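What the coordinates show
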Amino acid sequence: MNIQTIGVIGAGTMGNGIAQACAVSGLDVVMVDIDDAAVQRGLATVSSSLDRLVKKDKLSAEAKAAAMARIQGSTDYAALKPAQLVIEAATENEGLKRKILAQLDATLPAETLVATNTSSISITKLAAATQRPDRFIGMHFFNPVPMMALVEVIRGLQTSDATHDAVFAMAQKLGKTPITVKNAPGFVVNRILIPMINEAFFVLAEGLASAEDIDAGMKLGTNQPIGPLALADMIGLDVCLAVMNVYVEEYADSKYRPAPLLKEMVAAGWLGRKTGRGVYRY
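Residues numbered from 1 in each chain as written. Predicted model: local features only at pLDDT ≥ 70, side-chain atom pairs only at ≥ 80, totals over all residues. Heavy atoms only, no water.

**Details of the packing of aromatic side chains**
One pass over the structure, following the stated rule, counts 3 aromatic pairs. The structure contains a cluster of three or more aromatic residues connected by ring pairs, namely Tyr247, Tyr251 and Tyr256. Sitting over the ring of Trp270, Arg277 keeps its end group 3.5 Å from the ring centre. (Phe/Tyr/Trp six-rings, centres within 6.5 Å; stacked < 30°, edge-to-face > 60°. Lys NZ or Arg CZ within 6 Å of the ring centre and 35° of its normal.)

**Overview of the domain arrangement of the protein**
Segmentation of the protein into domains returns domain 1 (5-182) and domain 2 (191-273). Here domain 1 and domain 2 have C-alpha centroids that lie 29 Å from each other. (Domains from an automatic or database assignment.)

**Here's the deal with the UniProt feature "domain: 3-hydroxyacyl-CoA dehydrogenase NAD binding" (unreviewed entry) in the protein**
If you check UniProt for "domain: 3-hydroxyacyl-CoA dehydrogenase NAD binding" (unreviewed entry), the listed places come out as residues 5-183 in our numbering. Across residues 5-183, the secondary structure splits into 41% helix and 22% strand, with the terminal C-alpha atoms separated by 26 Å. (UniProt positions renumbered as here; feature names shortened; annotations may be inferred. Helix = DSSP H or I, 4+ residues; strand = E, 2+ residues; numbered from the N terminus.)

**Describing the sheet that holds strand 5 (residues 113-116)**
Here 8 strands make up an open sheet; going across it, the order is 3-2-1-4-5-6-7-8 and the pairing mixed. If you trace the sheet from one side to the other, it starts and ends with strand 3 (71-74) and strand 8 (177-182), each paired once. The sheet shows a mean angle of 25 degrees between the axes of neighbouring strands, taken without regard to direction. Bridging between strand 4 (residues 85-88) and strand 5 involves 4 bridges; their strand directions are parallel. Bridging across to strand 5, Leu85 finds its partner in Leu113. Along the sheet, helix 1 (residues 13-24) makes contact with strand 1 (5-9), strand 2 (28-32), strand 3, strand 4 and strand 6 (136-141), crossing strand 2 at roughly 165 degrees. (Pairing = 2+ DSSP bridges. Axes fitted to C-alpha atoms, helices over the stretch in contact; angles between N-to-C directions. Contact = heavy atoms within 4.5 Å.)

**Description of the UniProt feature "binding site: CoA" (unreviewed entry) in the protein**
Taking the UniProt record as the reference, the feature "binding site: CoA" (unreviewed entry) is found at Ser49, Lys56 and Ser119. An extended arrangement is adopted by the annotated residues: their sequence extent is 71 residues, and the largest C-alpha distance between any two is 31.1 Å. Secondary-structure assignment places Ser49 in helix 2 (residues 36-55). The residue Lys56 is located in the loop between helix 2 and helix 3 (61-69) in this model.

**Looking at the nonpolar core**
Within soluble globular proteins, side chains that are nonpolar tend to cluster in buried spots. Counting 36 residues, the largest nonpolar core has Ile6, Ile18, Leu85, Ile87, Met139, Phe141 and Met170 as its most contacted members. The dominant element in this core, judged by the number of residues it contributes, is helix 1, at 6 residues. For Met170, the residues in contact, after removing those within four places along its chain, are Ile3, Ile6, Leu27, Leu85, Ile87 and Met139. (Core = buried A, V, L, I, M, F, W, Y, C linked by side-chain atoms within 4.5 Å. Buried < 20%, exposed > 50% of the residue type's maximum accessible area, 1.4 Å probe, protein only.)

**Overview of the side chain of Ser47**
When you line up the elements, Ser47 lands in helix 2. A relative accessible area of 19% means that Ser47 is categorised as buried. Each residue touching Ser47, except ones within four places of it in the same chain, is listed here: Lys64 and Met68.

**A look at the pattern of salt bridges**
Applying the stated criterion across every chain, the model contains 8 salt bridges. For the salt bridge of Glu94 with Arg98, the shortest nitrogen-to-oxygen distance reads 3.1 Å. Pair noted here: Glu94 and Arg98 are both in helix 4 (residues 94-107), with a separation of 4 residues, about one helical turn. For Arg98, a relative accessible area of 34% puts it in the partly exposed group. Residues participating in the shared-partner salt-bridge network are Glu88, Glu92 and Lys97. (Salt bridge = Lys/Arg side-chain N within 4 Å of Asp/Glu carboxyl O.)

Below, the structure written as C-alpha cells:
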C-alpha cells in the first residue's frame, strides 16, 4: 500500500508531534480534534516546534512553510476519508478510544488502515472493537515525537502481515527506527522502563541514597540521559503507578507490585512536573 495521506486523531502533545513528523517527511496530514480551539493549539505547537528547528539551521524557512501547508486541521471525521492510514492519538482511556474507533468505522473506507498510539491498552482488545481487526495495529511513538527515533509497531492477534508491513515501512519513511512487538502489557520499552523506575522508588524509600545520587548513579553508570526518578517526574507519577497496577493485574506476579512510596506520593498529589512537585520540586 502506498501511504501518502495520514489522519491523526488528537492535536495534543502526541498527535501534533506525529503530524509534524509526517508533514516534514512529505506526507499530507489531516489532524482532527473535538473543537477548533484544540486544533488551532495543535497547529500552533507544530509551527513553534518547526520555528525552533529553523533557528537552529536544521530546517529551512521554505521547508517549514511546505510542512505547515501539508497539515489540514479539522473537527470533522469526514475529512479523514482521503487518508490511507489513520493514527489514533487521543487520551489514554479505553472507553474514549473505543468511541473513536466506532466513529472511524462509520466514516472511513473499508480498506483504510487504523493504528493506535496507545502505550498500555491491548491491541488485540481494541482490534476486536473495530470492523477492521486485520487492518488494525499499534503504532507507539515516543515523546517528543519529532526527536525520538523509536516506534513500536505492535501486532494484535488479528493484525495481517500486509498491515504490519505497510505501517512498518511508513515508520521508516518518517526517518524512524521501528521495532516489531507482540501484544502484551507495556509492550517492550515500558515493560522494562517502568519497573526500573518503580525499583528506584524502593531504593529511595530504603534510604540507600538520595534522589539526586540515585539519578546521578544511573546517568553516569548506565549512560542514561536522565535518571529514573527525574524521568518519573516527567512522565507523571500517577502514570507510572497506573502502569504498574496494570502489570500486577495482567501478570499476577508480585515482582510488579508498586513501591509504597510511589503510591504514597500519588495519594499526596505529588505527581511530578505537571503539579510542581514529585520526587523533586519544580
